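Tertiary structure, described
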Amino acid sequence: MKKPQDLDAVIEVYTRKRDDMLQSLGHAQRELQQAQQQMDQLQSYAAESQQRWLQRATGGVSPTLILTQRQFMAKLDHAITFQNGVMQRLQLSIDNCQQLLLQAERELAGINKYIERRTQQWQHQLQRQEQRHNDEMAAN
């Protein structure tokens, strides 16, 4: 049996694929974090605006001002709903990246295991050849 060929190029390809998946996952996680910060800002602003409105409304307000406030809050609610959708899409992206990363890690581990088994087989065969050689020398 010949010595197993080095599969460094194959390992490099699988390692690069895994590293790319890690980078994609990190990017998606940072995007989700930014989206969460935007959501926090929107919700905080909506709560502050509602609190200010309640304080102001106790003194009496015009119907036009009530309508304006309702329209403004509806736009804020729409922005919050939209941001929720963005965050859900980003979470799906993270889940997908995690699956791809897991697959890349499995592939890399598989090729490493294959190389390890081939090397062990080669070493075992060398030991058997050496043992046969020693047996022949002893018989002579």
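Please refer to the structure higher up on the page.
The following paragraphs examine the structure supplied in this document. (Residues numbered from 1 in each chain as written. Predicted model: local features only at pLDDT ≥ 70, side-chain atom pairs only at ≥ 80, totals over all residues. Heavy atoms only, no water.)

A few words on the overall build of the protein. Along its length, the protein carries two helices and zero strands. Taking 2.2 N^0.38 as the reference for a compact globule, 140 residues should give roughly 14 Å; the C-alpha atoms of the protein span a radius of gyration of 32 Å, well beyond that estimate. The burial tally for the protein puts 20% of its 140 residues in the buried class. The contacts of the protein with a sequence gap of at least 6 include a subset with a gap of at least 24, amounting to 87%. As displayed, the protein has an accessible area near 10800 Å², and 51% of this comes from carbon and sulfur atoms. Of the side chains in the protein, 17 bear a positive and 16 a negative charge, and the two mean positions are spaced by 7 Å. (Helix = DSSP H or I, 4+ residues; strand = E, 2+ residues; numbered from the N terminus. Rg over C-alpha atoms; globule rule 2.2 N^0.38 Å. Buried < 20%, exposed > 50% of the residue type's maximum accessible area, 1.4 Å probe, protein only. Contact = heavy atoms within 4.5 Å. Areas by Shrake-Rupley, 256 points an atom, 1.4 Å probe, with all protein chains shown as cover. Lys, Arg positive; Asp, Glu negative; His and termini not counted. Charge placed at Lys NZ, Arg CZ, Asp CG, Glu CD.)

Attention now goes to the packing of helix α1 (residues 8–57) against helix α2 (residues 63–139). Relative orientation of the contacting elements α1 and α2 amounts to 165°, with a least axis distance of 8 Å. Here α2 runs roughly antiparallel to α1, going by the angle between their axes. At the point where α1 passes α2, the crossing takes the left-handed sense. Residue composition of the contact of α1 with α2, grouped by class: 32 nonpolar, 15 polar and six charged. (Axes fitted to C-alpha atoms, helices over the stretch in contact; angles between N-to-C directions. Parallel < 35°, antiparallel > 145°, perpendicular 65-115°, else oblique. Left-handed = near helix turned anticlockwise from the far one by under 90°. Nonpolar A, V, L, I, M, F, W, Y, C, P; charged D, E, K, R; others polar.)

The next thing to look at is the nonpolar core. Within soluble globular proteins, side chains that are nonpolar tend to cluster in buried spots. Counting 17 residues, the largest nonpolar core has Leu-25, Leu-32, Ala-35, Ala-46, Met-87, Leu-90 and Ile-94 as the members making the most contacts within it. Not counting residues within four places of it along the chain, the set of residues in contact with Leu-90 comprises Glu-31, Leu-32 and Ala-35. (Core = buried A, V, L, I, M, F, W, Y, C linked by side-chain atoms within 4.5 Å.)

For an α-helix the count is 3.6 residues per turn, leaving residues at separations of three or four pointing the same way. Across its 50 residues, α1 extends 72 Å between first and last C-alpha, which sits within 8% of the 74 Å expected from 1.5 Å per residue. By the burial criterion, the buried members of α1 are Met-21, Leu-25, Gly-26, Ala-28, Leu-32, Ala-35, Met-39, Ala-46, Ser-49 and Trp-53. Where α1 is buried, its residues touch α2. (Expected span 1.5 Å × (residues − 1).)

Let us look at the environment of Glu-31. Relative to the assigned elements, Glu-31 resides in helix α1. Glu-31 gets classed as partly exposed once you look at its relative accessible area, which sits at 31%. Glu-31 sits 18 residues away from Ser-49 along the chain, and the two C-alpha atoms are 27 Å apart.

In this section: the side chain of Gln-83. Structurally, the position occupied by Gln-83 is in helix α2. Looking at Gln-83, the relative accessible area reads 7%, which means it is buried. Those residues in contact with Gln-83, other than ones at most four positions away along the chain, are Ala-35, Gln-38, Met-39 and Leu-42.

A word on the packing of aromatic side chains. This structure, assessed with the given rule, holds one aromatic pair. Ring centres of Tyr-45 and Phe-72 lie 5.9 Å apart, and the angle between their planes is 80°; on these two criteria the pair is classed as edge-to-face. Placement of Tyr-45 in helix α1 and of Phe-72 in helix α2 is noted, with a sequence separation of 27 residues between them. On the basis of relative accessibility, which here comes to 31%, the residue Phe-72 falls in the partly exposed class. (Phe/Tyr/Trp six-rings, centres within 6.5 Å; stacked < 30°, edge-to-face > 60°.)

In short, the description is geometric, and any link to function would need to be established separately.
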